[in-house]
Amino acid sequence: MKRYFPFGVILVILALTFIFPSVDFDKTENHNFNTGDIAWMLMSTALVLIMTPGLAFFYGGMVNKKNVISTMLQSIVCMVIITVMWGIFGFSLAFGDSIGGVIGNPGTYFMMKGMLGNASWKLAPTIPLLLFAMYQLKFAIIAPALITGAFAERIRFNSYIIFLILFSVFIFSPLAHATWHPDGILAKLGVLDFAGGTVVHMSAGWAALASALFLKRRNEASHSPARITYVMIGTGLLWFGWFGFNAGSAFGASHLAVTALATSTTASAAAGLTWIFFDMLRGRKPSAMGTCIGAVVGLVAITPAAGFVSVPHSLAIGIISAVVSNLVVEWRTRTSIDDTLDVFPCHGVGGMVGMLLTGVFANQNVNPNNTTGDGLFFGHTHLFLIQLVALIATSIFAFVGSMVLLKITDMISPLRVSKEEEELGLDISQHGEKL
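Throughout, residues of each chain are indexed from 1 in the direction in which the sequence is written. With pLDDT at 70 or above as the cut-off, local features in this predicted model cover only qualifying residues; side-chain atom pairs require 80 or more to be listed or tallied, and sums for whole chains, interfaces and linings still use all residues. As a rule here, side-chain values cover all heavy atoms of the structure and leave hydrogens and water aside.

Per an unreviewed UniProt entry, the protein is named Ammonium transporter, and its organism is Mucilaginibacter conchicola. UniProt positions are given in the numbering used here, feature names are shortened, and annotations may be inferred rather than shown by experiment. Checking UniProt for the protein, the heading Sequence similarities (unreviewed entry) contains the comment "Belongs to the ammonia transporter channel (TC 1.A.11.2) family."

Participant: Can you break down the environment of Ala94 residue by residue, with the values?
Facilitator: Within the secondary structure layout, Ala94 lies in helix α3 (residues 68-95). Judged by relative accessible area, Ala94 falls into the buried class, the value being 0%. Measuring from C-alpha to C-alpha, the distance between Ala94 and Leu186 comes to 13 Å, with 92 residues separating the pair along the chain. The way it works is that DSSP assigns letters per residue, a run of H or I at least four long becomes a helix, a run of E at least two long becomes a strand, and they are numbered from the N terminus. Classification of residues uses two cut-offs on accessible area relative to the type maximum, computed with a 1.4 Å probe and protein chains only: under 20% is buried, over 50% is exposed, and between them is partly exposed.

Participant: Quick one: what's the story with the side chain of Ser203, residue by residue and with numbers?
Facilitator: Among the secondary structure elements, Ser203 is positioned in helix α7 (residues 197-215). Among the polar contacts listed, one links the side chain of Ser203 to the backbone oxygen of Val200, at a separation of 3.0 Å. Contacts between residues were defined by any pair of non-hydrogen atoms, one from each residue, lying within 4.5 Å. Discounting residues that sit within four places of it in the chain, Ser203 has contacts with Phe167, Ile171, Leu175, Thr198 and Ala398. Polar contact criterion, stated in full: a pair of N or O atoms within 3.5 Å, where within protein one must be able to donate a hydrogen and the other to accept it, and residues adjacent in sequence count only if both atoms are side-chain atoms.

Participant: Can you lay out the packing of aromatic side chains for me, pointing to particular residues and giving the numbers?
Facilitator: Aromatic pairs are defined between Phe, Tyr and Trp rings, using the six-membered ring for Trp, whenever the two ring centres lie within 6.5 Å; interplanar angles under 30 degrees are classed as stacked, those over 60 as edge-to-face, and all others as tilted. As enumerated under the stated definition, the model contains 24 aromatic pairs in all. Between Tyr135 and Phe251, the ring centres sit 6.0 Å apart and the planes meet at 85 degrees, which makes this aromatic pair edge-to-face. Separated by 116 residues along the polypeptide, Tyr135 in helix α4 (residues 129-147) and Phe251 in the loop between α8 (228-246) and α9 (255-281) bring together distant segments of the chain. The class of Phe251 is buried, set by a relative accessible area of 18%. Site record: aromatic cluster; members linked through ring pairs are Trp86, Phe91, Phe95, Tyr109, Trp121, Phe132, Tyr135, Phe139, Trp180, Trp242, Phe245 and Phe251. Sitting over a ring, as applied to charges here, requires NZ of Lys or CZ of Arg to be within 6 Å of the ring centre and within 35 degrees of the ring normal. Cation over ring: Arg3 sits above Tyr4, and NZ or CZ is 5.6 Å from the ring centre.

Participant: Give me the lowdown on a nonpolar patch on the surface, citing residues and values where you can.
Facilitator: A residue counts toward a patch only above 30% relative accessible area and without a salt bridge, and it is joined to like-charged neighbours within 9 Å or, for Val, Leu, Ile, Met, Phe, Trp and Tyr, to nonpolar neighbours within 5 Å. Only the protein chains shown count as cover for residues, with accessible areas throughout obtained via the Shrake-Rupley method and a probe of 1.4 Å. Here a salt bridge means any side-chain nitrogen of Lys or Arg lying within 4 Å of a carboxyl oxygen belonging to Asp or Glu. A cluster of nonpolar side chains, namely Phe7, Ile10, Leu11, Leu14, Phe18, Ile19 and Phe20, defines an oily patch on the protein surface of about 760 Å² accessible area. Structurally, the position occupied by Ile10 is in helix α1 (residues 4-19). Looking at Ile10, the relative accessible area reads 46%, which means it is partly exposed.

The structure is reproduced here in structure tokens:
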């Protein structure tokens, strides 16, 4: 039965393509489409996609040589599984007609219906709806991929597939809807999340912590990175792709996209520099690994704020996030928590720092679409308190929800590999391949 079920799902999907061809054409007049915006969003969609292979290199270089392929594949497989899900019902769950402000109606865009012609998303009127859907897909892909660094070197591949599907449906989609849909509960509250502080990084970070706690420690917790050069290549691809992640979230080739690109660049640079200087302050050598981790932490932290803050304040966000995450990484090493690649300290904590500092440094002169108000730095408390409430609510939802999903997954298919499989390495034991 276990052998036949996965391919049976493929046959069901094949049948759906015949039953729901989705060739209806929206002939509504739409004079808002802008070829410059469409071109930029096509490029941004490609840029965000390259982040997932970048993450594969980033994570793959950090693990033991016997687990490089399995770790990288855990990122790459998200590209194929989440894309198929998104085309069938995933986009509807995130951006379909709102059900209570917490989830979308799965039937709204089922099998990508209503995507042809002049249809557009209400908050991105200058690009086709299908392009908006494909852009948002790339966020849905990388969110579960980020979690994999926490349980690297000890999870069964088949069980991981079940978990990433459940996470996408029950954690990512509700957060995306609540935050980015105009009728979402967090959006109506006035929460600012330009490109995924809550939706991507906090959700993945808290799920990572839950995973590390649930799967417990590896039998061989200490290891040497297989390829630091892979980590450096991955960092370059992530930084490159992040321009689409943040600047693309302006949904057009506009001054706001320029601001988001600039703040992303400066925050990442400031965090990378701060990380190695902070290491030196504590008596450590400036390392390639530290530089790369710091740069990524800066990108994580600026993500929710990219289109709401100025360049000087992006530098502040990069510096503060690097110090905080560095300290949390050090704290984590002194505990029994085996977050293999420190996903929670870097992505979870980085996302939380970014969310709070958005409430500190956001200014309406940077983005007039910010109707919630200026941040704490400018003498206003309203936005900061809203960001704090969103942070607490998202943290509880993502952590508790992930724990429940991990338990459900483990009941369906054991999550942890055997001791013998772990010692042999996941490349061989799970995939029959090796470097």
